[in-house]
Amino acid sequence: GNLDIWIIKVDRNGNKVWDKTLGGSEGDFLGNLILSPDGSILVGGYTGSSISGDKTSESFGQQDFWIIKLSKNGQYIWDKTYGGTGSEQVYTGLVDNDGNYLFGGVSTSSISGNKTDTSRGGNDGWLVKTDADGNIIWDKTLGGDLTDYIQSMAMTSERDYVLGIISPSSISGDKTVDRRGGNDCWLVKVNTDGDIVWQKT
């Protein structure tokens, strides 16, 4: 279509093993890649495409999270679309110790589509946890009054998740610590259910 995601696997010497093009009729973008312990590959993308090309489910809004699971050989396994009536973009993700997937990025949507939490401000961080088949376990919105987006994440030894969020917001919404300047690093620890444990700016 318009723009596609292009995945290339190379060996340790940089020689191409295989490549895969993924896309629908509109613009499709890569946010991140996750390598699962079983060798499968989770492609975290975002898309404006409806059902077309490799995309098998309708869009919810302007752009949605689009997650594609590939085998270690690059063969398509499944794809899932997550989003509301606004715009969602995925930037980061991980596979946890239970084999579930966690994806984070930004959302402008309120409750709509498969987004179950209201917006906090202009743009919010949006966190989606799924099982190994891409079925949603929960989704969480994290944000203040301005544009906040989840840029990175990690899992702790206590099985909690730590989120690195870029935030210009002052105390508002979920944000209980004031900003220091223009854009700050808002570090948020959530438990396995997505509830906030602590936060730091």
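Definitions and limits used
Residues numbered from 1 in each chain as written. Predicted model: local features only at pLDDT ≥ 70, side-chain atom pairs only at ≥ 80, totals over all residues. Heavy atoms only, no water. Buried < 20%, exposed > 50% of the residue type's maximum accessible area, 1.4 Å probe, protein only. Helix = DSSP H or I, 4+ residues; strand = E, 2+ residues; numbered from the N terminus. Pairing = 2+ DSSP bridges. Axes fitted to C-alpha atoms, helices over the stretch in contact; angles between N-to-C directions. Contact = heavy atoms within 4.5 Å. Polar contact = N/O pair within 3.5 Å; in protein donor to acceptor, adjacent residues only side chain to side chain. Core = buried A, V, L, I, M, F, W, Y, C linked by side-chain atoms within 4.5 Å. Phe/Tyr/Trp six-rings, centres within 6.5 Å; stacked < 30°, edge-to-face > 60°. Salt bridge = Lys/Arg side-chain N within 4 Å of Asp/Glu carboxyl O.

A. Representation of the pairing of strand S8 (residues 101-107). The buried fraction of S8 is high, at 7 of 7 residues. Note that strand S7 (residues 88-95) and S8 share 7 bridges and pair antiparallel. Considered in S8, the bridge of Gln89 is made with Val106. Taken together, S7 and the strand that follows it, S8, pair antiparallel across an intervening segment of 5 residues, in which Gly99 is found at a positive phi of about 85°. Pairing between S8 and strand S9 (residues 124-130): 7 bridges, direction antiparallel. Its bridge partner being in S9, Tyr101 is matched across the sheet by Thr130.

B. Structural view of the sheet that holds strand S6 (residues 76-82). Pairing is antiparallel in the open sheet, where 4 strands are placed in the order S3-S4-S5-S6. Unpaired on one side and paired on the other, strand S3 (28-35) and S6 mark the two borders of the sheet. Across the sheet, the mean angle from the axis of one strand to that of its neighbour is 20°, orientation sign disregarded. Note that strand S4 (residues 41-47) and strand S5 (residues 64-70) share 7 bridges and pair antiparallel. Across the sheet, Leu42 pairs through a bridge with Lys69, a residue of S5.

C. Geometry of the environment of Tyr76. Position of Tyr76 relative to the elements: it lies in strand S6. The partly exposed category is assigned to Tyr76, whose relative accessible area is 37%. Distance in space between the C-alpha atoms of Tyr76 and Lys20 is 9.4 Å, their sequence separation being 56 residues. Beyond its immediate sequence surroundings of up to four residues, Tyr76 is in contact with Lys20, Asp54, Thr56, Ile68, Lys69 and Leu70. Of note is the side chain of Tyr76, whose polar atom sits 2.4 Å from the side chain of Asp79.

D. Representation of the sheet that holds strand S11 (residues 149-155) within the structure. Read across the open sheet, the 4 strands follow the order S11-S12-S13-S14; overall the sheet is antiparallel. The open sheet is flanked by S11 and strand S14 (196-200), the only strands paired with a single partner. With strand direction ignored, the average angle separating the axes of adjacent strands in the sheet is 20°. As judged from the 6 bridges shared by S11 and strand S12 (residues 161-167), these two strands associate in the antiparallel manner. Looking at the pairing, Ala154 lines up with Val162 of S12.

E. Region of interest: the nonpolar core. Counting 13 residues, the largest nonpolar core has Leu102, Leu127, Met153, Leu163 and Ile165 as its most contacted members. If you look at the next biggest cluster of nonpolar residues, it comprises 12 residues, including Ile34, Tyr82, Phe103 and Val128.

F. Region of the structure containing the packing of aromatic side chains. The tally for this structure, following the rule as stated, stands at 5 aromatic pairs. Here the aromatic rings of Phe65 and Trp126 are separated by 4.9 Å at their centres, their planes lie at 50°, and the arrangement is tilted. Placement of the pair is Phe65 in strand S5 and Trp126 in strand S9, with a sequence separation of 61 residues. An identical accessibility class is assigned to Phe65 and Trp126; each is buried.

G. Region of the structure containing the pattern of salt bridges. If you walk through the whole model with that rule in mind, you get 7 salt bridges. Taking the shortest distance from any N to any O, the salt bridge between Lys129 and Asp96 comes out at 3.9 Å. Of this pair, Lys129 sits in strand S9 while Asp96 sits in the loop between S7 and S8, and the two are 33 residues apart along the sequence. Note on Asp96: relative accessible area 5%, which makes it buried. In this structure, the salt-bridge partner of Arg120 is Asp117, at a minimum N-O distance of 2.9 Å.

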